[in-house]
Each structure stands twice: as C-alpha cells, then as structure tokens.
Amino acid sequence: MLKSQSYTIASGHYQTSKAALDILEAGGNAYDAVLAALFMSFVTEPLLSSPGGGGYLLAHPKGNKAKIFDFFAQTPYSKNQREKDFYPIHGDFGNVQQEFHIGLASAAIPGVPAGIFAIHQHYGSLPLIDIASAAIAMANKGMEVDKLHAEVIQILSPILSHSKMAKALYSDNNGNTLKQGDIKANPQIAQFLTDLASSPQNWFYFGEPAEKISCLLYTSDA
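Small disclaimer: the values here were computed from a predicted structure and weren't measured.

Trainee: So what exactly am I meant to see when it comes to the packing of helix α2 (residues 30–44) against helix α3 (residues 112–123) here?
Mentor: Relative orientation and spacing of two packed helices are given, respectively, by the angle between their axes and the distance between those axes. Across the interface, α2 lies against α3 with an axial gap of 9 Å and an inter-helix angle of 160°. One way to sum up the angle between α2 and α3 is to call them roughly antiparallel. Both α2 and α3 take part in a crossing whose hand is left-handed. When α2 is examined against α3, the residues Tyr31, Leu35, Leu38, Phe39 and Phe42 are found in contact with a partner set consisting of Val112, Ile116, Ile119, His120 and Tyr123.

Below, the structure is given as structure tokens:
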C-alpha cells in the first residue's frame with residue numbers, strides 16, 4: 001500500500017500501486033490511476049490479471065450516482081457438439097488441489113479491452129497512451145519474479161505447459177521455468193499495450209487481435 005497526500009492505493013504488487021500513484025501525482029484522476037494500475041498488473045501479475053480476461057468496476061464519482069462497468073468475459077452464444085479441446089488439470093496448492101478446465105474451448109471473449117475504453121471515455125482525463133506508458137516501459141525492461149509470482153507459476157505449470165507460447169513466456173533462456181529472482185521481459189505485451197492504447201476502441205475486436213484469436217481456435221498447437 002502506498003500513501004501520498006490523500007491517496008490510498010492497494011494492489012497485488014508494489015509496481016502496480018506505484019503506477020497508479022505516479023499517474024495521480026502527474027495530475028491524473030482516480031480513474032486514470034485505476035487504468036494505470038490495470039495496465040501495470042498485466043506486466044507484474046500476468047497469471048492473475050490479463051487483457052484477455054474480464055472484470056468489473058464500481059465507480060462513484062463525487063456528486064454523481066454510482067455506475068457499474070461490467071466487462072466480464074463472454075462465452076460464445078453458439079455451442080456446437082463437435083469434439084472440443086477442453087479437459088481438466090489440477091493445480092497443486094500443497095495441501096489442496098484445485099481442478100481447472102483448459103484448452104482452446106475454455107477461452108471466452110475478452111472483456112477487459114472494452115472495459116478500458118468505456119472507463120476512459122466516461123471518466124478518464126489523460127491520454128490513454130500516457131496512462132499505459134509505465135506498463136509498456138516495464139514490460140520492455142523486464143520484471144523480477146517475486147516470491148508470489150514464482151509460486152503462481154509453479155501452481156499453474158500444467159496450464160502453461162499446454163501451450164508452447166505460454167511455456168516460452170514463463171521460461172528462461174534455457175527453457176527452465178521461471179523462479180524467484182529471475183528477470184523476464186515481455187516485448188510482446190509491451191507492443192500490444194502500445195497498439196491498444198493508441199488505436200481506436202474497435203481495434204481489438206475487429207482488427208488484428210480478433211483475427212489472431214479466431215485463427216487460434218482452428219489451430220491444434222497454440
């Protein structure tokens with residue numbers, strides 16, 4: 001938790017909170033700070049937060065009624081009965097194991113990009129690319145894997161090993177799973193956030209990202 005003047009910010013990672021604080025001290029408002037923290041969480045907490053996920057925001061601007069932003073992920077309306085890439089794995093939490101279902105058929109339509117633009121259009125004050133800039137820089141520079149992140153990587157290793165692309169993202173240059181103290185850059189997410197924050201709001205759903213997601217659904221080795 002970071003405190004500065006009348007600001008109180010809580011998040012799952014120091015750098016996530018710092019991104020929000022820096023935006024506030026640069027003249028941004030609370031919603032700019034929320035978005036800055038969200039962008040940074042994609043870099044610092046990538047297995048817990050993702051632009052490919054969904055979420056909610058309860059906003060209550062001073063002097064106005066509260067508004068709920070619902071940008072949770074959506075499953076397809078049409079579900080045929082053909083064989084699907086969908087099966088269970090178990091995350092090992094030590095004394096407890098939790099079942100997850102993974103595979104291409106477990107993917108839902110991401111709501112986060114739509115949520116980012118909706119929040120920014122309603123309440124944002126700074127340019128979106130400025131709000132995302134700290135996260136972009138951190139992704140290019142590389143984040144040090146902390147204790148919690150290392151534990152999450154280990155727990156979710158059965159999911160990561162399902163995809164060559166995911167496994168590469170969470171492995172070092174020798175192909176070993178990332179551990180505490182390792183530093184890993186992610187230029188792909190840096191470029192994605194740059195494109196997202198500087199493109200029209202329909203870029204994700206009608207442009208190149210949508211095309212790539214659609215192609216993956218017909219690829220057996222994602």
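Trainee: What is the right way to read the packing of aromatic side chains from this model?
Mentor: Two measures describe an aromatic ring pair: the distance that separates the ring centres and the angle between the ring planes. Summed over the entire model, instances satisfying the criterion amount to 7 aromatic pairs. Note on Phe192 and Phe204: the rings are 6.1 Å apart at their centroids and 80° apart in plane angle, and the pair reads as edge-to-face. In this pair, Phe192 is assigned in helix α8 (residues 187–198) and Phe204 in helix α9 (residues 203–206), connecting sequence segments 12 residues apart. By the burial criterion, Phe192 is buried, and Phe204 matches it.

Trainee: Hey, could you run me through the packing of helix α4 (residues 128–141) against α8 in this one?
Mentor: Packing of α4 against α8 brings their axes to within 8 Å, and their N-to-C directions diverge by 175°. Relative to α8, the element α4 is oriented roughly antiparallel. In this structure, α4 contributes Leu128, Ile129, Ala132, Ala135, Ile136, Ala139 and Asn140 to the contact, and α8 contributes Pro187, Ile189, Ala190, Leu193, Thr194, Ala197 and Ser198. A class-by-class count of the residues in the contact of α4 with α8 yields 11 nonpolar, 3 polar and no charged.

About the cut-offs
Residues numbered from 1 in each chain as written. Predicted model: local features only at pLDDT ≥ 70, side-chain atom pairs only at ≥ 80, totals over all residues. Heavy atoms only, no water. Axes fitted to C-alpha atoms, helices over the stretch in contact; angles between N-to-C directions. Helix = DSSP H or I, 4+ residues; strand = E, 2+ residues; numbered from the N terminus. Parallel < 35°, antiparallel > 145°, perpendicular 65-115°, else oblique. Left-handed = near helix turned anticlockwise from the far one by under 90°. Contact = heavy atoms within 4.5 Å. Phe/Tyr/Trp six-rings, centres within 6.5 Å; stacked < 30°, edge-to-face > 60°. Buried < 20%, exposed > 50% of the residue type's maximum accessible area, 1.4 Å probe, protein only. Nonpolar A, V, L, I, M, F, W, Y, C, P; charged D, E, K, R; others polar.

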